[in-house]
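Residue-level structural notes
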Amino acid sequence: AWRLWKDGKALELIVAGESCNLSEVMRCINICLLCVQQHPDDRPSMASVVWMLGGENTLPQPKKPGFFKGSGPFETPSSSSKIELLSTNEITTSLLYPR
């Protein structure tokens, strides 16, 4: 979605043959991208989302999403590129047993 938005082709996210209000679709895509920003301060609150969905006001342009990796399933990686681990999640699980 981010790549299509950035390239000005966000309407390609719509299933062909669907009838809808294109300006509302673009508005929803814009709001969705605002909701996945890396920094929480850049994300709108739920009250703001409701206000944005119901209004005709100008929306801020989203920045690159926080979890955008840069290559998608439709791109073939170059032979020189290596898969790199972006983060390590360490998790502890506690099992609770009733007495």
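Residues numbered from 1 in each chain as written. Predicted model: local features only at pLDDT ≥ 70, side-chain atom pairs only at ≥ 80, totals over all residues. Heavy atoms only, no water.

The protein is annotated in an unreviewed UniProt entry as S-locus receptor kinase C-terminal domain-containing protein from Dovyalis caffra.

**Thoughts on the overall build of the protein**
Along its length, the protein carries 3 helices and 0 strands. Mapped in sequence order, the helices and strands of the protein form the string α-α-α. Sequence separation of at least 24 residues holds for 58% of the intrachain contacts in the protein that already meet a minimum separation of 6. For the protein, the accessible surface area stands at approximately 8,700 Å², while carbon and sulfur atoms represent 57% of it. (Helix = DSSP H or I, 4+ residues; strand = E, 2+ residues; numbered from the N terminus. Contact = heavy atoms within 4.5 Å. Areas by Shrake-Rupley, 256 points an atom, 1.4 Å probe, with all protein chains shown as cover.)

**Looking at the state of the cysteines**
Applying the stated criterion across every chain yields a total of 0 disulfides. Looking at the unpaired C20, the closest cysteine sulfur is the one in C28, lying at 9.7 Å. (Disulfide = S-S within 2.5 Å.)

**Describing the side chain of R27**
Relative to the elements of secondary structure, R27 occurs in helix α2 (residues 22–35). Here R27 sits buried without a salt bridge, and the closest side chain of opposite charge, E56, lies 5.4 Å off (N-O distance). Side chain to side chain, R27 and N57 meet in a polar contact 2.7 Å long. (Buried < 20%, exposed > 50% of the residue type's maximum accessible area, 1.4 Å probe, protein only. Lys, Arg positive; Asp, Glu negative; His and termini not counted. Salt bridge = Lys/Arg side-chain N within 4 Å of Asp/Glu carboxyl O. Polar contact = N/O pair within 3.5 Å; in protein donor to acceptor, adjacent residues only side chain to side chain.)

**Points about the nonpolar core**
With 6 residues, the main nonpolar core is built from W2, W5, A10, V25, I29 and L33. Elements supplying a minimum of two residues to this core: α1 (2–6) and α2. It is α2 that contributes the most residues to this core, 3 residues altogether. Counting 5 residues, the second-largest nonpolar core is a separate cluster that includes I31, L34, V49 and M52. (Core = buried A, V, L, I, M, F, W, Y, C linked by side-chain atoms within 4.5 Å.)

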